[in-house]
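# Summary of the model geometry
Residues per chain are reported as follows:
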Amino acid sequence: MRDAVTTLIRNYDGTGRYLDRNAIDSLKSYFESGTERVTAATAINANAASIVKQAGSQLFEELPELIRPGGNAYTTRRYSACLRDMDYYLRYASYALVAGDSYVLDQRVLQGLRETYNSLGVPIAPTVRGIQIMKDIVKTMAAEMGVNDTSFIDQPFDHMTRELSEQDV
Ligand SMILES: CCC1=C(C)/C(=C/C2=NC(=C\c3[nH]c(/C=C4\NC(=O)[C@H](C)[C@H]4CC)c(C)c3CCC(=O)O)/C(CCC(=O)O)=C2C)NC1=O
């Protein structure tokens with residue numbers, strides 16, 4: 001596990017430097033956003049089941065072919081697997097939000113995921129859409145809980161969708 005602070009120290013220690021102005025600025029911004037990060041995690045924690053359910057409904061409404069015969073989320077087993085995946089993305093996003101760092105996503109969620117999805121025929125673009133729908137729901141909830149600038153919430157969700165969509169070189 002890494003967070004914004006340990007990642008920064010790791011970089012500076014790697015080159016034997018004291019924390020300079022850039023380091024201090026990024027530490028300040030991390031600590032200043034601390035309360036809002038915790039608020040976002042609280043919003044997710046208190047509403048996880050309903051966020052996943054709502055995002056799933058919206059996704060299947062937008063892309064009904066997913067749950068029709070031949071669709072990857074067709075049959076109860078695959079439908080549940082899909083919502084379970086959404087729940088994974090949401091839970092790990094809440095960790096990354098608190099950490100202020102994407103390392104936990106790279107390490108625990110994204111490693112080997114595209115290969116798994118490709119081998120099972122799980123379509124990437126609709127998965128990306130599902131993650132983005134959850135992002136929007138979480139941002140709305142955080143705003144309702146008094147978070148003024150919810151832009152930091154984009155980071156983990158956008159990181160996951162970026163990594164998932166990345167094309168093989
Ligand atoms: C914590 C990290 C972690 C992740 C991310 C994870 C994902 C993950 N999703 C899987 C399957 C799956 N994932 C989906 C998901 C979907 N199908 C769709 O059409 C939608 C677009 C989408 C939902 C948004 C489906 C349907 C399966 C089952 C596919 C199958 O078995 O045929 C599998 C294969 C094994 C299994 O079924 O459990 C893995 C490993 N597992 C993990 O441990």
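The structure reproduced in this document is the subject of the present report.

Calculation criteria
- Residues numbered from 1 in each chain as written.
- Predicted model: local features only at pLDDT ≥ 70, side-chain atom pairs only at ≥ 80, totals over all residues.
- Heavy atoms only, no water.
- Helix = DSSP H or I, 4+ residues; strand = E, 2+ residues; numbered from the N terminus.
- Polar contact = N/O pair within 3.5 Å; in protein donor to acceptor, adjacent residues only side chain to side chain.
- Contact = heavy atoms within 4.5 Å.
- Near = heavy atom within 4 Å.
- Areas by Shrake-Rupley, 256 points an atom, 1.4 Å probe, with all protein chains shown as cover.
- 1 Å grid on protein atoms, 1.4 Å probe; cavity = no way out; pocket = protein on both sides within 12 Å on 5 of 7 lines; lining within 4 Å.
- Sits in = over half its atoms within 2 Å of the grid points.
- Nonpolar A, V, L, I, M, F, W, Y, C, P; charged D, E, K, R; others polar.
- Points joined across faces, edges and corners; volume = space filled by probe spheres on them.
- Axes fitted to C-alpha atoms, helices over the stretch in contact; angles between N-to-C directions.
- Parallel < 35°, antiparallel > 145°, perpendicular 65-115°, else oblique.
- Left-handed = near helix turned anticlockwise from the far one by under 90°.
- Buried < 20%, exposed > 50% of the residue type's maximum accessible area, 1.4 Å probe, protein only.
- Salt bridge = Lys/Arg side-chain N within 4 Å of Asp/Glu carboxyl O.

## Here's the deal with the side chain of Q132
- Position of Q132 relative to the elements: it lies in helix α7 (residues 124–144).
- Within the local environment of Q132, its side chain forms a polar contact with the side chain of K135, the two groups lying 2.9 Å apart.
- The contact partners of Q132, leaving out residues within four places of it in the chain, are F157, D158 and T161.

## Here's the deal with the site of the ligand
- Of all residues adjacent to the ligand, which total 23 residues, the nearest are N72, R77, C82, R84 and D85.
- The separation between a nitrogen atom of the ligand and a polar side-chain atom of N72 is 2.8 Å.
- Residue D85 places a side-chain N or O atom 2.7 Å away from a nitrogen atom belonging to the ligand.
- When the ligand is considered free in solution it has 880 Å² of accessible area, and contact with the protein chains removes 80% of it.
- With respect to the detected pockets, the ligand is housed in the largest pocket.
- When contributions to the shell around the ligand are tallied by element, the ones reaching two or more residues are α4 (76–99), α6 (113–120) and α7.
- Classifying every residue of the shell around the ligand gives 15 nonpolar, three polar and five charged.

## Let's talk about the layout of surface pockets
- As a volume, the largest pocket reaches approximately 520 Å³.
- For the largest pocket, the lining is made up of 24 residues, of which A81, R84, D85, Y117 and V122 are closest to its centre.
- Taken together, the elements giving at least two residues each to the lining of the largest pocket come down to α4, α5 (103–110), α6 and α7.
- Per-element accounting of the lining of the largest pocket gives the leading share, ten residues, to α4.
- Considered class by class, the residues forming the lining of the largest pocket number 16 nonpolar, three polar and five charged.

## What about the packing of α5 against helix α8 (residues 154–165)?
- Look at α5 against α8: their axes get within 10 Å of each other, and the N-to-C directions meet at 50°. It follows from the interaxial angle that α5 and α8 lie oblique. The handedness of the crossing between α5 and α8 is right-handed. Where α5 approaches α8, its residues L105, D106, V109 and L110 are matched on the opposing element by P156, H159, M160, E163 and L164.

## A few points about the side chain of T39
- Residue position: T39 is located in helix α3 (residues 34–62).
- In this structure T39 comes out as buried when scored by relative accessible area, which is 19%.
- Apart from residues lying up to four places away in sequence, T39 is in contact with M145 and V147.

## Focus: the pattern of salt bridges
- If you walk through the whole model with that rule in mind, you get four salt bridges.
- Across the pair E62 and R129 runs a salt bridge, and its minimum N-O distance is 2.7 Å. One end of the pair, E62, is in helix α3; the other, R129, is in helix α7, and 67 residues separate them in sequence.
- Under the relative-accessibility criterion, R129 is labelled partly exposed at 29%.
- As a salt-bridge pair, K139 and D154 come within 2.7 Å of each other at their nearest N and O atoms. Here D154 lies in helix α8 and K139 lies in helix α7, a separation of 15 residues in the sequence.

That is the geometry; function is a separate question.
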